[in-house]
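# Notes for the structure review
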Amino acid sequence: MSVLQFRSDPIVAIATAPGRGGIGVVRISAKDLSSYIQAFFKRDLRPRHAYYLPFNDADGTAIDEGIALYFKGPHSYTGEDVLELQGHGGPAVLKRLIKRCLEIPLADQRLRPAEPGEFTQRAFLNGRLDLAQAEAVADLIDASSESAARSAMASLSGEFSRLVNDLADSIVYLRMLVEATLDFPEEEIEFLEKYDAVPQLEALRAKLQLILDISKQGMILREGVHVVLAGQPNVGKSSLLNALAGDEVAIVTPIAGTTRDRVVQQIHLQGVPLHIVDTAGLRETEDTVESIGIERSWAEIAKADVILHLQDAAEPDLDANQDILNNMPPKTPVITVFNKIDLLDDASLNQLKARNAKQNTVFLSAKAQLGLAELSELLLSIAGLQVQQETPWLARERHLRALNESMIHLNQAYEFAQQDDRVLDLFAEELRLSHEALNSITGEFTSDDLLGEIFSSFCIGK
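So, how was this worked out
- Residues numbered from 1 in each chain as written.
- Predicted model: local features only at pLDDT ≥ 70, side-chain atom pairs only at ≥ 80, totals over all residues.
- Heavy atoms only, no water.
- UniProt positions renumbered as here; feature names shortened; annotations may be inferred.
- Pairing = 2+ DSSP bridges.
- Helix = DSSP H or I, 4+ residues; strand = E, 2+ residues; numbered from the N terminus.
- Axes fitted to C-alpha atoms, helices over the stretch in contact; angles between N-to-C directions.
- Contact = heavy atoms within 4.5 Å.
- Phe/Tyr/Trp six-rings, centres within 6.5 Å; stacked < 30°, edge-to-face > 60°.
- Lys NZ or Arg CZ within 6 Å of the ring centre and 35° of its normal.
- Buried < 20%, exposed > 50% of the residue type's maximum accessible area, 1.4 Å probe, protein only.
- Polar contact = N/O pair within 3.5 Å; in protein donor to acceptor, adjacent residues only side chain to side chain.
- Parallel < 35°, antiparallel > 145°, perpendicular 65-115°, else oblique.
- Left-handed = near helix turned anticlockwise from the far one by under 90°.
- Nonpolar A, V, L, I, M, F, W, Y, C, P; charged D, E, K, R; others polar.
- Salt bridge = Lys/Arg side-chain N within 4 Å of Asp/Glu carboxyl O.

The name recorded for the chain in an unreviewed UniProt entry is tRNA modification GTPase MnmE, from Oligella urethralis DNF00040. Its UniProt record gives the chain a comment under Subunit (unreviewed entry), which states: "Homodimer. Heterotetramer of two MnmE and two MnmG subunits."

Attention now moves to the sheet that holds strand β11 (residues 272-278). If you trace the 6 strands from one edge of the open sheet to the other, you get β10-β11-β9-β12-β13-β14, paired in mixed fashion. The open sheet terminates on both sides in strands that have one partner only, identified here as β10 (263-269) and β14 (361-363). Along the sheet, successive strands turn relative to each other by an average axial angle of 25°, direction set aside. Across 3 bridges, strand β13 (residues 334-339) lies against β14 in parallel orientation. Residue pairing across strands places valine 337 opposite valine 362, the latter belonging to β14. Here helix α14 (residues 372-383) sits on the sheet and contacts β9 (225-231), β10, β11, β12 (306-312), β13 and β14; the angle it forms with β13, its principal contact strand, is near 170°.

Taken as a whole and assessed by the stated rule, the structure comprises 5 aromatic pairs. Each ring, one from phenylalanine 41 and one from phenylalanine 55, has its centre 6.3 Å from the other, and the planes form 65°; the classification is edge-to-face. Here the residue phenylalanine 41 occupies a position in helix α2 (residues 34-41), and phenylalanine 55 occupies one in strand β3 (residues 50-56), the gap between them amounting to 14 residues. Residues phenylalanine 160 and tryptophan 393 carry aromatic rings whose centres are separated by 5.1 Å and whose planes lie at 15° to one another, so their mutual orientation is stacked. Of this pair, phenylalanine 160 sits in helix α7 (residues 159-183) while tryptophan 393 is found in the loop between α14 and α15 (397-417), placing the two residues 233 residues apart along the sequence. Here the aromatic residues Tyr36, Phe40, Phe41 and Phe55 are joined through ring pairs into a cluster of three or more. Residue placement shows arginine 27 over the ring face of phenylalanine 119; its charged tip is 5.5 Å from the ring centre. Stacked on the ring of tyrosine 414, the Lys or Arg arginine 205 has its end atom at 3.8 Å from the ring centre.

In this structure, lysine 95 sits in helix α3 (residues 91-103). Between the C-alpha atom of lysine 95 and that of isoleucine 14, which follows or precedes it by 81 residues, the distance is 8.6 Å.

Attention now goes to the UniProt feature "binding site: (6S)-5-formyl-5,6,7,8-tetrahydrofolate" (unreviewed entry) in the chain. According to UniProt, the feature "binding site: (6S)-5-formyl-5,6,7,8-tetrahydrofolate" (unreviewed entry) maps to Arg27, Glu84, Arg128 and Lys462 in the numbering used here. Looking at the element boundaries, glutamate 84 is found in strand β5 (residues 81-87). The class of glutamate 84 is buried, set by a relative accessible area of 13%. Excluding residues that lie within four positions of it along the chain, glutamate 84 makes contacts with Val25, Val26, Arg27, Ile67, Ala68 and Leu69. At 3.1 Å, the side chain of glutamate 84 forms a polar contact with the side chain of arginine 27. Within the fold, arginine 128 resides in the loop between α4 (118-125) and α5 (131-142). Ignoring sequence-local partners within four residues, the contact set of arginine 128 consists of Pro74, His75, Ser76, Tyr77, Thr78, Gly79 and Ala123. At 3.4 Å, the side chain of arginine 128 and the backbone oxygen of proline 74 are in polar contact.

What follows covers the pairing of β12. Regular strands place their side chains on alternate faces of the sheet. Burial analysis of β12 places 7 of its 7 residues in the buried class, which makes it a mostly covered element. Here β12 shows two buried faces, one formed by Val306, Leu308, Leu310 and Asp312 and the other by Ile307, His309 and Gln311. When β9 meets β12, the two strands line up parallel, connected through 5 bridges. Across the sheet, valine 228 pairs through a bridge with isoleucine 307, a residue of β12.

What follows covers the packing of α15 against helix α16 (residues 424-442). Where α15 contacts α16, the axes come no closer than 8 Å and their chain directions differ by 165°. Considering their axes alone, α15 and α16 lie roughly antiparallel with respect to each other. With respect to the hand of their crossing, α15 and α16 are arranged in left-handed fashion. For the pair α15 and α16, the contacting residues are Arg398, His399, Ala402, Leu403, Glu405, Ser406, His409, Leu410, Gln412, Ala413, Phe416 and Ala417 in the first and Leu426, Phe427, Glu430, Leu431, Leu433, Ser434, Ala437, Leu438, Ser440 and Ile441 in the second. Across the contact of α15 with α16, the residue classes break down as 13 nonpolar, 6 polar and 3 charged.

This part takes up the pairing of β3. Bridge count for β3 against strand β4 (residues 62-71) is 7 bridges, and the pairing is antiparallel. Each residue of the ladder has a partner; that of proline 54, found in β4, is glutamate 65.

What follows covers the pattern of salt bridges. By the definition in use, this model includes 20 salt bridges. Here arginine 112 and aspartate 9 are joined by a salt bridge, their closest N and O atoms 2.9 Å apart. With arginine 112 in strand β8 (residues 112-113) and aspartate 9 in the loop between α1 (3-8) and β1 (11-14), the pair connects residues that are 103 residues apart, well separated along the chain. Classification of arginine 112 as buried rests on a relative accessible area of 16%.

What follows is the structure, encoded as structure tokens:
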């Protein structure tokens with residue numbers, strides 16, 4: 001479906017979640033709903049006033065009764081006329097109400113069912129939201145923690161967009177000065193020196209780096225961290241999963257090889273979602289089923305954001321553990337976890353710590369709930385989350401790509417700025433490319449294909 005179709009067709013959808021509920025909302029959006037309202041209710045509705053009315057079928061039979069709210073465009077969610085019918089949340093009632101809405105003509109058209117995200121896409125196309133704010137609508141709905149919800153709301157309120165737009169405006173100002181110099185070369189202005197191009201670019205790069213750093217944290221809050229528990233059989237991987245989850249989500253026995261397949265559990269640490277994967281113990285085996293589980297373990301390890309390499313603190317197998325470490329992905333952070341310290345006396349534990357006094361090492365007992373706080377702090381630190389008072393906005397992978405691309409072009413412009421005015425045209429081009437990358441975040445420079453991909457992930461009715 002093209003963007004032009006999204007602009008013009010009158011649409012309707014159930015705006016509340018599927019299933020039974022106390023309240024169900026049907027939402028309609030079109031350029032002009034005045035005649036439609038008259039045909040439906042046999043009367044006019046004042047904008048932004050609530051009316052308790054029957055929702056009648058074509059023969060006058062009441063389908064339901066509830067609240068009708070009319071929002072006159074452009075002062076509405078979509079920027080068009082919007083009608084919301086708030087009735088009872090039974091699926092059968094809502095389906096009958098949708099059927100009635102589709103029957104009533106609107107000028108020479110009839111309503112059609114809305115596509116996923118179409119209401120929010122109209123809000124974007126009509127200038128009610130920019131693209132980053134529109135994405136925040138979906139993120140707010142999908143937020144799995146209080147921190148994620150706060151961050152999504154920060155994005156929706158425009159905090160992220162404001163900082164990006166301020167930076168883009170600063171780049172535009174510098175571009176304007178460069179273009180003017182290129183247009184009037186007879187003035188013989190030494191641009192790079194006269195307008196302090198290098199200090200200006202240093203300030204722009206610092207501002208962009210701050211936005212990028214906070215956005216990385218925002219992406220962690222949105223996407224979560226993929227944490228894989230790896231190690232030999234019977235080192236306590238399943239026990240650690242249960243301890244972190246606060247529930248018996250994995251079977252724990254003294255028998256080595258109990259876990260044959262991966263077990264996935266999502267937990268939250270300081271609002272950050274962690275997708276923890278318990279895997280089969282890594283060892284040589286001739287058992288066909290266990291071999292398949294071990295292959296899947298290595299596949300999970302290859303996809304991990306962070307790996308917890310568990311070892312038995314009481315009976316460490318140094319050679320086997322080193323073999324496992326040698327096969328870990330070289331660029332993935334690994335936390336060495338010595339489990340079962342409750343089986344050691346103080347002298348043995350101190351010796352173990354002295355022999356393994358290296359970075360990213362934790363000593364704990366999953367069974368006795370010892371050392372879990374230290375592991376949690378290290379996990380969040382390695383994942384890149386910095387505890388701060390300001391709630392970061394949520395960010396997506398495409399935001400980080402755009403910010404990184406903008407930084408690449410700013411860095412190249414900085415290199416040109418340290419030369420002379422003979423490279424002003426190249427300097428201006430790098431500023432233009434940096435500016436375009438930033439504009440893609442808010443949607444001022446975005447392809448229709450990307451818009452379709454973004455909004456198709458929304459729920460219907462939003």
